[in-house]
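Chain and residue survey
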Amino acid sequence: MSLWAGQLALACALGLGWVAAGAAPKAPADTKAAKSATEDADWLYTIQRRDTLYDLALAWLEAPRTWQDLQRLNRVADPLRLPPGGKLRMPVAWLKREAAVADVMFVKGAVTLRRGAEPAQPLALGAQLRSSDVLRTGEQASVSVRFADGSRLLVPPGSEVQLESLLVLGRAALPAVVLRVQQGGAENQVVPNPQRPPKYEVRTPKLNLGVRGTEFRVQVDGDRQWVAVDAGRVRATGEAADLVPGEGLVAGAGGPLRARLLPAPDVAAVPRVVERLPLRLSWAPGTDSAWRAQIFARQDFNRLLLDARVKQPEVTWPRDQALPDGDYTLRLRAIDAAGLEGAAADVDFSLQARPEPPFIRLPAPDAVVYAPGLELGWTLNAEAPRVRLQIARDAAFQDLVQQPPPIAGASHGASLPPGVYHWRIASVAGERAGPFGDAQRFELREPPPAPPPATPAVNGNQLDLRWPAVSGVVGYELEWATNAGFEGAVTHKTDKPELTLPKPAPGRYYLRARSRNADGINSPWGQTQLIDQPEEPLRWPWLILVPVVLHVLL
């Protein structure tokens, strides 16, 4: 007898007609099925044209279930005539089970996969995961996994998660996922399906959780374990009511404790553009005492790039964890006294920190510089050797006084009138200039004036030099030489506008002087003076004769 003939005979024996599902009695318990928070749930199958109970049972049901079980459960009068678009109840526990795989959709950092007795191996993007696989993430490492129905798992840094069971139920349509979080965290996005509740479970050493299309987070830290619900509902074994959005559960030494999640932090103060490395973000402190900060690719919460818990309203990631320039999202949560993370606040920002600005060498911050010796110096960025320079009279750089074209070098001499200035530099790579570094302030002053020419006067065996005092000067330096180039000059210093020297031998001399202020700054050399010391009248020839006379007398 053909299959169609057998089905027709069966239909004739049972009679015709259809009773819609909805008032059906509860089906007999399946003692062979594993029990869970969603094990006894029904899947509402949408009937297609030409569907029959016999075909559906053959395709979907695990032995020993048969089409007769479906007929009794749904009170179907004619198993061969099912109205298209109608709903048919199929208990999840009755469905066939087949092995499934999950896809690795994102990997960052040191993530390993351990499969059975094999040694752990680095996890590769695009790898397929199977039941019993164990994922482990290192510092600042993360992995995102996609299941058959599009549900997703994000494993943050410092975590160990086992994919305890990956199955598809009934003709590869209904995924069944069981996860075990041993340490760290698991962030879950379970795709809702109006036809059936998802079979998605998460287990920790103290919690068994079943979900119904939801977003929730699980955290394990030794004996302390948490679950927080962001959307949908989560059933925790032993709890009379489901956890709803904004609720969490803390399992510790004193037993499970339900709690409301802290509200999302205030992120209005987070900068929308960051131009410096290392990456530093801050926010309003509020009344919270700890926060969790996560950096994702812009609005892509499957790609976790950085993760930190901090006790101050700011976070800094070191340079060895620096992100490339680009667009990102900060996700921030406050953490309560029990360690439960609250609702998230998300804020987008752009990192525009490259090429990094050079380091300023001179002058020192807030230096006082005396004209005309103003030189600005910096280190060179090997990847961007040119610099963009700005000098302004104000700290906001609205009143610019110099902005030369990009400079190929490590210094710049600026000619400016006395005053207070601010300056900053940025590296230039090709046609692209990076952000300016920290601005510095300096004051440019006129050097002390050179002293006027001295008035020389011979006083016996001394030469007295005097000149008018100069205001603001605390000392003077004079050079005395026998040549106009002052080679081999003799230097004299004094703190008074006068100097007494031994009377020089006859000849021509050159004299110049400069002043020094309290900062130790010298003025330019003053006007060179020419001094002629004349020959004196002969008074000593008779002294030459004295030895001769004495010789004669003796």
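Whatever comes next refers back to the structure up there.
Structure report, in brief.

Each value, and the rule that gives it
- Residues numbered from 1 in each chain as written.
- Predicted model: local features only at pLDDT ≥ 70, side-chain atom pairs only at ≥ 80, totals over all residues.
- Heavy atoms only, no water.
- 1 Å grid on protein atoms, 1.4 Å probe; cavity = no way out; pocket = protein on both sides within 12 Å on 5 of 7 lines; lining within 4 Å.
- Points joined across faces, edges and corners; volume = space filled by probe spheres on them.
- Helix = DSSP H or I, 4+ residues; strand = E, 2+ residues; numbered from the N terminus.
- Nonpolar A, V, L, I, M, F, W, Y, C, P; charged D, E, K, R; others polar.
- Salt bridge = Lys/Arg side-chain N within 4 Å of Asp/Glu carboxyl O.
- Buried < 20%, exposed > 50% of the residue type's maximum accessible area, 1.4 Å probe, protein only.
- Phe/Tyr/Trp six-rings, centres within 6.5 Å; stacked < 30°, edge-to-face > 60°.
- Lys NZ or Arg CZ within 6 Å of the ring centre and 35° of its normal.
- Polar contact = N/O pair within 3.5 Å; in protein donor to acceptor, adjacent residues only side chain to side chain.
- Contact = heavy atoms within 4.5 Å.
- Core = buried A, V, L, I, M, F, W, Y, C linked by side-chain atoms within 4.5 Å.

1. Observations regarding empty space enclosed by the protein
Under the defined criterion, the tally for this structure stands at four cavities of 30 Å³ or more. The space that makes up the largest cavity amounts to roughly 90 Å³. Lining the largest cavity, in full, are Glu187, Arg217, Val218, Gln219, Trp226, Ala228, Arg292, Gly339, Leu340 and Glu341. Listing elements by their share of the lining of the largest cavity, those giving two or more residues are β15 (215-221) and β16 (224-231). The leading source of residues in the lining of the largest cavity is β15, at three residues. Of the residues assigned to the lining of the largest cavity, the class counts are four nonpolar, two polar and four charged. Approximately 70 Å³ is the volume found for the second largest cavity. Along the walls of the second largest cavity sit Pro451, Pro452, Pro453, Ala454, Trp467, Leu478, Leu511, Arg512, Ala513, Gly526, Gln527 and Gln529, which together make up its complete lining. Its residues placed into classes, the lining of the second largest cavity shows eight nonpolar, three polar and one charged.

2. Looking at the environment of Pro91
The topology assignment puts Pro91 in strand β2 (residues 87-91). Taking C-alpha positions, Pro91 is 8.5 Å from Leu44, a pair spaced 47 residues apart along the chain.

3. Here we look at the pattern of salt bridges
Within this structure, the stated rule accounts for 35 salt bridges. Taking the shortest distance from any N to any O, the salt bridge between Glu164 and Arg203 comes out at 2.6 Å. With Glu164 in strand β11 (residues 160-169) and Arg203 in strand β13 (residues 199-203), this residue pair connects regions lying 39 residues apart in the sequence. A salt bridge links Arg258 to Glu239; its shortest N-O distance comes to 3.1 Å. One end of the pair, Arg258, is in strand β19 (residues 255-260); the other, Glu239, is in the loop between β17 (234-236) and β18 (247-252), and 19 residues separate them in sequence. Judged by its relative accessible area of 29%, Arg258 is partly exposed.

4. Remarks on unusual backbone geometry
With an omega of 15°, the peptide bond running from Ala63 to Pro64 counts as cis. Looking at the element boundaries, Pro64 is found in the loop between α2 (53-60) and α3 (67-74). The peptide bond linking Leu277 to Pro278 adopts the cis configuration, its omega dihedral lying at 0°. Inspection of the secondary structure puts Pro278 in the loop between β20 (273-274) and β21 (280-282). Of note in the backbone geometry, Arg50 takes a positive phi value of approximately 70° without being a glycine. With respect to the element layout, Arg50 can be found in the loop between β1 (42-46) and α2. Exposure remark for Arg50: the relative accessible area of 74% places this residue in the exposed category. Unusually for a residue other than glycine, Arg75 sits at a positive phi of about 55°.

5. A word on the packing of aromatic side chains
This model, assessed by the stated rule, comprises 10 aromatic pairs. The interplanar angle of 85° and the centroid separation of 6.5 Å between the aromatic rings of Tyr200 and Phe216 together place this pair among those described as edge-to-face. Taken together, the residues Tyr200 in strand β13 and Phe216 in strand β15 connect sequence positions 16 residues apart. Residue Tyr200 is classed as buried on the basis of its relative accessible area of 1%. Classification of Phe216 by relative accessible area gives buried; the value is 1%. Within the aromatic cluster, the residues linked to one another by ring pairs are Phe147, Tyr200 and Phe216. Over the aromatic face of Phe397 sits the side chain of Arg424, whose NZ or CZ is 4.0 Å from the ring centroid. For the cation-ring pair, Arg512 lies above Trp525, with the distance from its terminal atom to the ring centre recorded as 4.4 Å.

6. Considering the side chain of Asn517
Along the polypeptide, Asn517 turns up in strand β42 (residues 507-517). Judged by relative accessible area, Asn517 falls into the buried class, the value being 10%. Of the polar contacts made by the side chain of Asn517, one reaches the backbone nitrogen of Ile521; its length is 2.9 Å. Other than its neighbours up to four places away in sequence, Asn517 contacts Tyr370, Pro448, Gly472, Val473 and Val474.

7. Observations concerning the nonpolar core
Residues Leu129, Phe147, Leu153, Tyr200, Leu209 and Phe216 are the most contacted members of the largest nonpolar core, which totals 38 residues. Sequence-distant contacts of Leu209, defined by excluding residues within four places in its chain, comprise Tyr200, Glu201, Val202, Phe216, Val218, Val227, Val234, Arg235 and Ala236. Membership of the second largest hydrophobic core comes to 27 residues, among which are Trp283, Ile295, Ala345 and Phe349.

8. Quick look at the environment of Gly326
In this structure, Gly326 sits in strand β25 (residues 326-335). Looking at Gly326, the relative accessible area reads 22%, which means it is partly exposed. Between the C-alpha atom of Gly326 and that of Gln352, which follows or precedes it by 26 residues, the distance is 6.9 Å.

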